[in-house]
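# Structure assessment
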Amino acid sequence: MKTLKLSLLALVMIAFTTSCQKDEEVVQEEINYTIDLSLVNETDWELANEVLRLVNEHRVSQGLSTIKKDKQHASAYAVDHTKYMIDQSKISHDNFGVRSAALRSQGAKTVGENVAFGYTDAETLVHAWLSSPSHRAVIEGNYTHSGFGIVPDDGGRYYHTQLFYKK
């Protein structure tokens, strides 16, 4: 048995320490960023519209332009991430790079994201974000559009993802 384990180990070592290279052009696999746009229907749009109204009020008070609601790709990716956070039972920015790249593939120049958990009203949520320097910086960033993933878990506790981007 010991000989078998050593032989397998030697085989694995050979497989990982040897390589071949041909003088051929390296072909990069194209990444597919398609997403089910019907996910946008899972957002609590009443709450999302109020968040956007408050975010835009703040932006105007700072001399910034308002941002437009995106009910397509940004919201689909936001809902997808919110559902991921619900599955994980925690808030995170996991895989933000994928969401950012996906929106860039749709023409976004820059992308930002705020997430939250437990807020049931827009005023408290936006106030909390504005009280946090990093979240405030995203809200006040150079963005033109925003997508929303505001979804309650099975216990009725809300998870929030707001994606911002500049077209």
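What counts, and at which threshold
Residues numbered from 1 in each chain as written. Predicted model: local features only at pLDDT ≥ 70, side-chain atom pairs only at ≥ 80, totals over all residues. Heavy atoms only, no water. Helix = DSSP H or I, 4+ residues; strand = E, 2+ residues; numbered from the N terminus. Contact = heavy atoms within 4.5 Å. Areas by Shrake-Rupley, 256 points an atom, 1.4 Å probe, with all protein chains shown as cover. pLDDT = per-residue confidence, 0-100. Buried < 20%, exposed > 50% of the residue type's maximum accessible area, 1.4 Å probe, protein only. Pairing = 2+ DSSP bridges. Phe/Tyr/Trp six-rings, centres within 6.5 Å; stacked < 30°, edge-to-face > 60°. Lys NZ or Arg CZ within 6 Å of the ring centre and 35° of its normal. Polar contact = N/O pair within 3.5 Å; in protein donor to acceptor, adjacent residues only side chain to side chain.

## Topic: the overall build of the chain
Helix and strand content of the chain: six helices and four strands. The order of α-helices and β-strands along the chain, N terminus first, is α-α-β-α-α-β-α-α-β-β. A sequence separation of at least 24 residues applies to 70% of the contacts in the chain between residues at least 6 apart. Per element, the accessible surface of the chain, about 10,400 Å² overall, is 52% carbon and sulfur.

## Overview of the confidence of the model for the chain
Mean pLDDT over the chain stands at 85; residues scoring 70 or higher make up 82%. Per-residue pLDDT stays below 50 along residues 1-29; that stretch engages in zero contacts with residues further than four places along the chain or on separate chains.

## Here we look at the pairing of strand S3 (residues 145-152)
The element S3 is largely enclosed, with a buried count of seven among its eight residues. Bridging between strand S1 (residues 68-69) and S3 involves two bridges; their strand directions are parallel. Bridge assignment links Lys-68 to a residue of S3, and that residue is His-145. Bridging between S3 and strand S4 (residues 158-166) involves eight bridges; their strand directions are antiparallel. Bridge pairing in S4 links Gly-147 to Leu-163. Once S3 ends, the chain turns through five residues before running back antiparallel as S4, passing Gly-156 with a positive phi of about 85°.

## Let's talk about the packing of aromatic side chains
On inspection of all chains with the given rule, the structure shows three aromatic pairs. Measuring from centroid to centroid gives 4.6 Å for Phe-117 and Tyr-159, while their planes differ by 55°, and the two rings are tilted. Separated by 42 residues along the polypeptide, Phe-117 in strand S2 (residues 110-117) and Tyr-159 in strand S4 bring together distant segments of the chain. A residue is classified by how much of its surface remains accessible, and Phe-117, at 36% relative accessible area, is partly exposed. Relative to Phe-164, the ring of Tyr-143 has its centre 5.7 Å away and its plane inclined at 40°; by these criteria the two rings are tilted. Of this pair, Tyr-143 sits in the loop between helix H6 (133-139) and S3 while Phe-164 sits in strand S4, placing them 21 residues apart in sequence. By the burial criterion, Tyr-143 is buried, and Phe-164 matches it. Over the face of the ring belonging to Trp-45 we find Lys-71, whose NZ or CZ atom lies 4.7 Å from the ring centre.

## Points about unusual backbone geometry
Despite not being glycine, Ser-89 shows a phi value in the positive range, around 60°. Residue position: Ser-89 is located in the loop between helix H3 (73-88) and helix H4 (96-105). Given a relative accessible area of 56%, Ser-89 falls into the exposed group. You will see that Asn-95, though not glycine, has its phi angle at about 65°, which is positive. Along the chain, Asn-95 falls in the loop between H3 and H4.

## Concerning the side chain of His-145
Residue position: His-145 is located in strand S3. Residue classification places His-145 among the buried residues on the basis of a relative accessible area of 16%. Separated by 2.7 Å, the side chains of His-145 and Thr-144 make a polar contact. Apart from residues lying up to four places away in sequence, His-145 is in contact with Ile-67, Lys-68, Leu-163, Phe-164, Tyr-165 and Lys-167.

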